[in-house]
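# Inside the fold
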Amino acid sequence: MTTTQVVNPATEQVVTTLELVSAAETDAAIERAQRAGADWRAVAPGDRARLLRRFAEAVDANLEQLAQLEVANAGHTIGNARWEAGNVRDVLHFAAGIPERLLGNQIPVAGGVDITFHEPLGVVGVIVPWNFPMPIAAWGFGPALAAGNTVVLKPAELTPLTAIRLGELALEAGVPEGVFQVLPGKGSVVGRRFVTHPAVRKVVFTGSTEVGKEIMAGCARQVKRVTLELGGKSANIVFADADLERAAATAPYGVFDNAGQDCCARSRILVQRSVFDRFLELLEPAVRGVRVGDPSAESTEMGPLISAAHRARVASFVEPSTKVAFTGTQPDGPGFWYPPTVVLPDAPSDRVLTEEVFGPVVAVVPFEDEADAVRIANDTEYGLSGSIWTNNVGRALRVSRGVEAGNLSVNSHSSVRYWTPFGGFKQSGLGRELGPDAALAFTETKNVFIAT
Ligand code: NAD
């Protein structure tokens, strides 16, 4: 039996030791999910909705416990962790509206009646990364369960604790055995079986672009459905006509939230040249003011990175030759800390401008005009998110249409609402989660003609 140690990234203390699920146990769980599917899809829509609402209420009743678990396991700030557990509750309430509204069409035809059904796929495998263990899991399992699928979920090796607790809460809420199972284990073992086991009809993968490509290639062998939520290199575009004070005061939170371990991190700040120096002057106190430290303290704004290995990777982006404009603070002592860091790249080909850092390092780059801003923003293989700061409504809309990314915000840095669609352009992903069409990603459309 293989075990893994779960480590608190803020203290480097071992939180617990867990047994990892084997390939044979994964197969058994998938087969249980398949058997449970026949009954689950037959549960009356109102009853399935009620079970999801009960699950949501169980999450709400345990919100503080889930949040504290995430602080200990992932080093998330307590404020963020409460939001994340609340997001799971909200996604489940939203999903509870699906079973009774999974409407098909009645299409006019000669000689009969034509109707469409949205049939569940069967077993859905959800593979989750370590950066937002709770919300990313729920964006998959909530709508998947609502649409009548059963779910096997693999949390990331580093952050399994909240997912395991969510699995228990589902059972306590009355979700039948086998309908939602959490399988902590390795990507190369459990995740791989989701891809190769024929009973799994869809894989929802969130993680790195590199692994996502492998998953997509693996799924192709069985023409298995796949949703991919991958990396990002999002731009925060600041025009000279923007409210510069607000743009500078909020820019750190658009990239350093969750210590930059956010696929939507605005890790490139593009600033119109005429206000470039002024913007940097305003940005400096904002970055130095980010409160980095003990994630369980209510006032903390940024915690540690997830692991020592990840910290070493983040640090590799700041080379001795890198021009560092300024940095924020970090605590002394144990923990995988890295300070908020602002760099001024030399060339568009610098690694810090082309690769996802996934840590608190941001590059600031000047641009000339609107067309130049859009060109630089799109000069990346990614296309997940981004922000546009301007007080000109026409420009806001033109640039929003011009930037190749799935989730943009104007004069703000928000990316995620469970009732709006989320996903990436280009190599940031395939398909969309959440939003009004969330259930359609977990159903097949069936057309039936009845001769009259
Ligand atoms: P990762 O790709 O290393 O791992 C993600 C998950 O896949 C883990 O659960 C891992 O165990 C599993 N896995 C690894 N190899 C596998 C394999 N061969 N087969 C099946 N499963 C496998 O990513 P990570 O380091 O955990 O997460 C960071 C990445 O996630 C970043 O690139 C980030 O941008 C991305 N991300 C994207 C979004 C989005 O919505 N677009 C959201 C969060 C994170």
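About the criteria used
Residues numbered from 1 in each chain as written. Predicted model: local features only at pLDDT ≥ 70, side-chain atom pairs only at ≥ 80, totals over all residues. Heavy atoms only, no water. Domains from an automatic or database assignment. Salt bridge = Lys/Arg side-chain N within 4 Å of Asp/Glu carboxyl O. Polar contact = N/O pair within 3.5 Å; in protein donor to acceptor, adjacent residues only side chain to side chain. Helix = DSSP H or I, 4+ residues; strand = E, 2+ residues; numbered from the N terminus. Nonpolar A, V, L, I, M, F, W, Y, C, P; charged D, E, K, R; others polar. Buried < 20%, exposed > 50% of the residue type's maximum accessible area, 1.4 Å probe, protein only. Near = heavy atom within 4 Å. Areas by Shrake-Rupley, 256 points an atom, 1.4 Å probe, with all protein chains shown as cover. Core = buried A, V, L, I, M, F, W, Y, C linked by side-chain atoms within 4.5 Å. Contact = heavy atoms within 4.5 Å. Axes fitted to C-alpha atoms, helices over the stretch in contact; angles between N-to-C directions. Parallel < 35°, antiparallel > 145°, perpendicular 65-115°, else oblique. Left-handed = near helix turned anticlockwise from the far one by under 90°. Pairing = 2+ DSSP bridges. 1 Å grid on protein atoms, 1.4 Å probe; cavity = no way out; pocket = protein on both sides within 12 Å on 5 of 7 lines; lining within 4 Å. Points joined across faces, edges and corners; volume = space filled by probe spheres on them.

## A look at the domain arrangement of the chain
- Here the domain parsing of the chain yields domain 1 (3-230 + 426-451) and domain 2 (235-410).
- Just the C-alpha atoms count here: the centres of domain 1 and domain 2 sit 31 Å apart.
- Linking domain 1 with domain 2 are two salt bridges.
- A salt bridge links Glu404 to Lys426; the shortest N-O distance between them is 2.8 Å.
- Where domain 1 packs against domain 2, one counts 14 residue pairs in polar contact (both at pLDDT 80 or more).
- Listing elements by their share of the side of domain 1 that touches domain 2, those giving two or more residues are helix H3 (63-74) and helix H4 (78-96).
- In terms of residue class, the side of domain 1 that touches domain 2 is made up of 10 nonpolar, 11 polar and five charged.

## Structural notes on the side chain of Ser267
- Within the secondary structure, Ser267 is located in the loop between helix H9 (244-256) and strand E11 (268-272).
- For Ser267, a relative accessible area of 7% corresponds to the buried category.

## Some points on the site of the ligand
- As a structural note, the neighbourhood of the ligand is formed by 28 residues, with Val128, Glu157, Ser208, Leu230 and Glu356 the closest of them.
- For the ligand, an oxygen atom lies 3.0 Å from a polar atom in the side chain of Trp130.
- Between the ligand and Gly207 there is a distance of 3.2 Å, counted from an oxygen atom to a backbone nitrogen or oxygen.
- Within the complex, 88% of the 850 Å² of free accessible area of the ligand lies under protein.

## Describing the pattern of salt bridges
- One pass over the full model with this rule turns up 24 salt bridges.
- Ionic pairing is found between Glu157 and Lys154, a salt bridge with its closest N-O pair at 3.6 Å.
- Residue Glu157 is classed as partly exposed on the basis of its relative accessible area, which comes to 35%.
- By relative accessible area, Lys154 is classed as buried at 2%.
- Each of Asp241, Glu370, Arg395 and Arg398 takes part in a single network of salt bridges with overlapping partners.

## Describing the nonpolar core
- Ile237, Val238, Ile269, Phe279 and Leu283 are the most contacted members of the largest nonpolar core, which totals 53 residues.
- Every residue in contact with Ile269, bar those within four places of it in the chain, is listed here: Asn236, Val238, Ala251, Phe279, Leu283, Val362, Ala363, Val364 and Val365.
- With 51 residues, the next largest nonpolar core counts Val59, Ile98, Ala147 and Ala170 among its residues.

## Quick look at the packing of H9 against helix H10 (residues 276-288)
- Where H9 contacts H10, the axes come no closer than 8 Å and their chain directions differ by 50°. Put simply, H9 runs oblique to H10. For the pair H9 and H10, the sense of crossing is right-handed. Here Leu244, Glu245, Ala247, Ala248, Ala249, Ala251, Pro252 and Phe256 of H9 lie close against H10, whose contacting residues are Arg278, Phe279, Leu282, Leu283, Ala286 and Val287.
- In the contact of H9 with H10, the residues fall into 12 nonpolar, no polar and two charged.

## Notes on the sheet that holds strand E17 (residues 429-430)
- The mixed open sheet is built from six strands, whose spatial order is E7-E6-E5-E8-E9-E17. On the outer flanks of this sheet lie strand E7 (180-182) and E17, each paired with one strand and no other.
- Bridge count between strand E8 (residues 200-206) and strand E9 (residues 225-229): five bridges; the pairing is parallel. Its bridge partner being in E9, Phe205 is matched across the sheet by Leu228.
- Running over the sheet, helix H6 (residues 161-172) touches strand E6 (150-154) and E7 and is turned about 150° from E7.
- Each of strand E5 (123-127), E6 and E8 is contacted by helix H7 (residues 187-196), which is oriented at about 155° to E6, the strand it contacts most.

## Focus on the layout of surface pockets
- In this model, the largest pocket occupies a volume close to 1100 Å³.
- Along the wall of the largest pocket there are 42 residues; nearest its centre are Trp130, Phe205, Gly207, Ser208 and Val211.
- When residues of the lining of the largest pocket are traced back to their parent elements, those giving at least two are H7, E8, helix H8 (209-220) and helix H11 (308-315).
- Two domains each donate at least three residues to the lining of the largest pocket, and these are domain 1 (3-230 + 426-451) and domain 2 (235-410).
- Around the second largest pocket sit 20 residues that line it, and Trp83, Phe132, Asp257, Asp262 and His413 are the ones nearest its centre.
- Those elements giving two or more residues to the lining of the second largest pocket turn out to be H4, helix H5 (133-146) and H9.
- Grouping the constituent residues of the lining of the second largest pocket by class yields 11 nonpolar, five polar and four charged.
- Counting residues domain by domain, the lining of the second largest pocket receives three or more from each of domain 1 (3-230 + 426-451) and domain 2 (235-410).

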